[in-house]
Amino acid sequence: MSTLQRVLIANRGEIAVRCIRACKQLSITSIAIFTAADSGSLHVRLADSSVLLEGEGPRAYTNIDAILDICEKQGAQAVFPGYGFLSENADFALRVHDAGMIFVGPDSEALYRMGLKHVARDLAIAAEVSVIRGSGLLGSAEEACDFARQIGFPIMLKASGGGGGMGQQTCWSEGEIPVAFASVESRSKELFRNSGVFMERYYPTSHHIEVQVFGNGSEVIDFGERECSIQRRRQKVIEECPSPYLVDKPDLRSRLISCALTLAKSIKYQSTGTVEFLVDDETGDFFFLEMNTRLQVEHGVTELCYGVDLVVLMLRQAEYQLAGKSGIPSAELLEIQGKTPNGAAIETRVCCENPADSFMPSSGHVQSVTWPDQYARVDTWIQLGTFVSPYFDSLLAKLIVHYPTREESVTMIQKALKGSEIGGLVTNLAFLESIVGSAEFSRGKTLTTFLETQFTFQPTGIQVISPGAFTTVQQARARTRKGYGIPTSGPMDDLSATIANLLVGNAEDVECLEITAQGPELRFHDTTVVAATGSPFSIEVDGKPHDMWSRIIIKPKQILKIGSSATPGGRCYLAIKGGLPGVPEWLGSKSTTPSLALGGLQGRQLRPGDFFEVKPLEKSDIPSEYKLPESLIPPSNLVGKPSTLAIGQWIITATGRESA
């Protein structure tokens, strides 16, 4: 049999890393492609060889001509598409085949038929698989309104060429349809080059459950189901195997799997795929949603529960196809099929996005990173120094735990999230931690509307609305190494910075914000204790003036505005109780040297949209407001100048008592 020796990975991020590791396991040479922004990505370092793409952003990874040209020059025998980009592009799969290579996935016909959702519905109906009551392709918003009246509200408009939750709009009344139809039609054309729109009845109290299948063109097996009900804007957030909803419903589980296998066999499916269902929470009725003709992001939970490596299986299938066979022998497939899951696995998607700011994506360099490798599987593409580009999907990593019971897995995913840290970037770690710590999640009673109706997230942190003229993170703790062009850095006025920290109850050398000439405007998402010291600046909280050299209690959603300095080039210092834990240390300090792009937050001054995580305060941690007596405020000839004077004269205790 011909041996598969060289595979080009037409993707990036964690899925590219995942495939490279599978290739190494099988002694297959891996060829990576990358853009300039991805040059520091882990997949580039791990691949046996890598080729720089022309251009930037998603278009570079979807340039079929360029990728096929690289395949020819690199002698690739197969192309692994991963998920996203070209993974479900029937034209790409056909051109790979025509070029004499193997597309590591299903054939182009399956991609085409299941890629068009209205065609997939017809195939499901022909295979006697239940589908949600819906329409064929709709020509206009008026036609959509007419059909909605027939099936009743709520309804969902879907892009025929869509997938992954994109190109969908829910309508609860007829008046919402015209705008939603135009949006779906436009989005469908932009993302999928197909403007087809169809409609389905929408079930708000339901579960999203999918069945993992694998075929060789004649036989199809399953590796059980996953529950992916927790979603934000139709995008999955947390996935589980097995489904907690089906644990005590073996008959329903069996029927779901049987329908998935029947549908996949009806199109003689090859390679890995997922058949997705909507399951009504009250009745247990289920309906076919779509078939994802690719490897899913959440495949890891299935691998852990069934002891299978799906990527290795895909590569082995490709090797058989390279030898002119239909795929892995049916007898072998039937032998490896798992009947029941072993234990329970939970996956959380760690993304560089800000839950406190409508999940706005963030970008920048990874300044520090810590993963709980000892008790979780971590699928990631980032490492210390990696640049996270704004051009791509925000996924940074998947944290996956697998333990004998769901209760143990819930406990361990909580621990895994607490033990994860990504410095320099805003992430959804706190959001995920809040979800898995909720009572509803622990009970396993999660619906597709979980985030809207069963869960409330209370962010803690500080949002930078306006950064001021020149605001940086500084710490009155010298770096552990100087010389070689690396300065010690720190606040220009360490005396004022120290007093600000003491006023809020911090240690003397906790990091703070150094503000020059014109101050920032900051939104606080939780109760926070702050103090501003140094040169005279105006201070307002929600428009109400406050004094400097005082302890200020800021309530959730209030805005702190620091105005202009009363003296030219004056500096003041804003201390926050608990400091800024999300800012990583560099050489023992969190201070910023903007001229060298070192330390602090991304080595620079603050920008609009920056966000600082802060530690939530218990009621007992919140002191009363307090103003330093005039007699204890340092003389103006000391303020704003570097000082090594003993500051015992100005010690302030956390209780507000002072001593000279």
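None of the values given here were measured: they were computed from a predicted structure.

Chemist: What's the story with the overall build of the protein chain in this structure? I'm lost.
Modeler: Regarding its fold elements, the protein chain presents 18 helices and 38 strands. Its C-alpha atoms give the protein chain a radius of gyration of 28 Å, near enough to 26 Å, the size a compact globule of 660 residues would have. C-alpha atoms of the protein chain, sized along the principal axes, occupy 85 × 60 × 50 Å. By the burial criterion, 58% of the 660 residues in the protein chain qualify as buried. A fraction of 70% describes how many contacts in the protein chain between residues 6 or more apart in sequence connect residues 24 or more apart. The centroid of the 61 positive side-chain charges in the protein chain is displaced by 3 Å from the centroid of its 75 negative side-chain charges.

Chemist: Just checking my understanding: could you explain the sheet that holds strand β23 (residues 462-466) for this structure?
Modeler: One open sheet accounts for six strands, arranged β29-β28-β31-β26-β23-β35; its pairing is antiparallel. Across the chains shown, the open sheet's two edge strands, defined by having one partner strand only, are β29 (544-546) and β35 (611-612). For strand β28 (residues 537-541) and strand β31 (residues 559-565), the ladder comprises four bridges, and the chain directions are antiparallel. Residue E540 lies in a different strand from β31, and its bridge partner there is K561.

Chemist: I'm lost on the packing of aromatic side chains in this one. Help?
Modeler: Given two aromatic rings, one states the distance between the centres and the angle between the planes to describe the pair. Applying the stated criterion across every chain yields a total of 13 aromatic pairs. Look at Y391 and F392: their rings are 6.4 Å apart centre to centre, the planes differ by 85°, and that puts the pair in the edge-to-face class. The exposure class of Y391 is partly exposed, given its relative accessible area of 46%. We classify F392 as buried; its relative accessible area is 11%. By the ring-pair criterion, three or more aromatic residues cluster together here, those being F359, F431, F450, F455 and F457. R406 extends its terminal NZ or CZ atom over the ring of F441, reaching a point 4.9 Å from the ring centre.

Chemist: Is there a simple way to think about the sheet that holds strand β25 (residues 512-516) in this case?
Modeler: Two modes of strand pairing occur in sheets, parallel and antiparallel, and in both the strands are linked by backbone hydrogen bonds. With respect to topology, six strands assemble into an open sheet ordered β24-β25-β32-β27-β30-β36, the strand pairing being antiparallel. Only two strands of the sheet have a single neighbouring strand rather than two, namely β24 (470-474) and β36 (626-627). Judged from the four bridges that link them, strand β27 (residues 528-534) and strand β30 (residues 550-554) form a sheet pairing that is antiparallel. Looking across to β30, one finds that A531 is bridged to R551. Lying on the sheet, helix α18 (residues 494-504) is in contact with β25, β27, β30, β32 (571-576) and β36; it crosses β27 at an angle near 155°.

Chemist: I keep staring at the environment of V96 and nothing clicks. Help me out?
Modeler: Within the secondary structure, V96 sits in helix α5 (residues 90-98). Between the C-alpha atom of V96 and that of D222, which follows or precedes it by 126 residues, the distance is 27 Å. Those residues in contact with V96, other than ones at most four positions away along the chain, are L68, V79, M101, I102 and F103.

Chemist: Help me understand the nonpolar core in this model?
Modeler: Counting residues in hydrophobic clusters, the biggest one holds 79 residues, and the most contacted among them are F80, I238 and I435. Here this core gets eight residues from one element, more than from any other, and that element is helix α12 (residues 310-322). Ignoring sequence-local partners within four residues, the contact set of F80 consists of V7, L8, I9, A10, I15, C19, V104, L295, V311 and M314. Residues V529, M548, W549 and L560 belong to the second largest nonpolar core, which totals 44 residues.

Chemist: Got a minute to help me understand the layout of surface pockets in this structure?
Modeler: A probe as big as a water molecule, rolled over the atoms, marks out the empty space that is left. In this structure, the second largest pocket occupies an estimated 1,000 Å³ of space. Lining the second largest pocket are 42 residues, and of these I422, L425, V426, T427 and E613 sit closest to its centre.

Chemist: Is there a simple way to think about the packing of α5 against helix α6 (residues 108-115) in this case?
Modeler: Helix packing for two helices is described by the angle between their axes and how far apart those axes are. For the pair α5 and α6, interaxial distance at closest approach is 8 Å and the crossing angle is 175°. When the interaxial angle is binned, α5 and α6 end up roughly antiparallel. On the side of α5, the interface is formed by A90, A93 and L94, while α6 contributes S108, L111 and Y112. Tallied by class, the residues present in the contact of α5 with α6 amount to five nonpolar, one polar and no charged.

Chemist: Where do I start with unusual backbone geometry in this structure?
Modeler: A negative phi angle is the norm for most residues apart from glycine, just as the trans form is the norm for most peptide bonds. Residues F153 and P154 are joined by a peptide bond in cis, for which omega reads 0°. Note that P154 resides in the loop between α8 (141-151) and β6 (155-159). Cis geometry marks the peptide bond from C241 to P242, where omega comes out at -5°. By secondary structure assignment, the location of P242 is in the loop between β11 (235-241) and α10 (250-266). Phi is positive for E128, close to 65°, though the residue is something other than glycine. You can see E128 is positioned in the loop between α7 (117-126) and α8. By relative accessible area, E128 is classed as exposed at 73%. Of note in this structure, S489 is not a glycine but carries a positive phi near 60°. Tracing the backbone through its elements, the reader meets S489 in the loop between β24 and α18. The class for S489 is partly exposed, based on a relative accessible area of 27%.

Chemist: It is not clear to me how the environment of A32 should be interpreted in this structure. Could you clarify?
Modeler: Within the element layout of this structure, A32 appears in strand β2 (residues 29-34). The buried category is assigned to A32, whose relative accessible area is 1%. Ignoring any residue separated from it by four or fewer positions in sequence, one finds A32 in contact with H43, A47, S49, S50 and V51.

Chemist: Can you help me understand α12 in this one?
Modeler: Two residues of an α-helix separated by three or four positions point the same way, owing to the 3.6 residues in each turn. The end-to-end C-alpha distance of α12, which contains 13 residues, comes to 18 Å, matching closely the 18 Å that a straight helix rising 1.5 Å per residue would cover. Among the 13 residues that make up α12, 11 are buried, leaving the element largely enclosed by the rest of the structure. Listed as buried for α12 are L310, V311, V312, L313, M314, L315, Q317, A318, E319, Y320 and Q321. Capping the start of α12, D309 holds a side-chain oxygen 3.1 Å from the backbone nitrogen of V311, two or three residues further along. Just beyond α12, the residue with positive phi is G324, at close to 85°.

Basis of the calculations
Residues numbered from 1 in each chain as written. Predicted model: local features only at pLDDT ≥ 70, side-chain atom pairs only at ≥ 80, totals over all residues. Heavy atoms only, no water. Helix = DSSP H or I, 4+ residues; strand = E, 2+ residues; numbered from the N terminus. Rg over C-alpha atoms; globule rule 2.2 N^0.38 Å. Buried < 20%, exposed > 50% of the residue type's maximum accessible area, 1.4 Å probe, protein only. Contact = heavy atoms within 4.5 Å. Lys, Arg positive; Asp, Glu negative; His and termini not counted. Charge placed at Lys NZ, Arg CZ, Asp CG, Glu CD. Pairing = 2+ DSSP bridges. Phe/Tyr/Trp six-rings, centres within 6.5 Å; stacked < 30°, edge-to-face > 60°. Lys NZ or Arg CZ within 6 Å of the ring centre and 35° of its normal. Axes fitted to C-alpha atoms, helices over the stretch in contact; angles between N-to-C directions. Core = buried A, V, L, I, M, F, W, Y, C linked by side-chain atoms within 4.5 Å. 1 Å grid on protein atoms, 1.4 Å probe; cavity = no way out; pocket = protein on both sides within 12 Å on 5 of 7 lines; lining within 4 Å. Points joined across faces, edges and corners; volume = space filled by probe spheres on them. Parallel < 35°, antiparallel > 145°, perpendicular 65-115°, else oblique. Nonpolar A, V, L, I, M, F, W, Y, C, P; charged D, E, K, R; others polar. Expected span 1.5 Å × (residues − 1). Polar contact = N/O pair within 3.5 Å; in protein donor to acceptor, adjacent residues only side chain to side chain.

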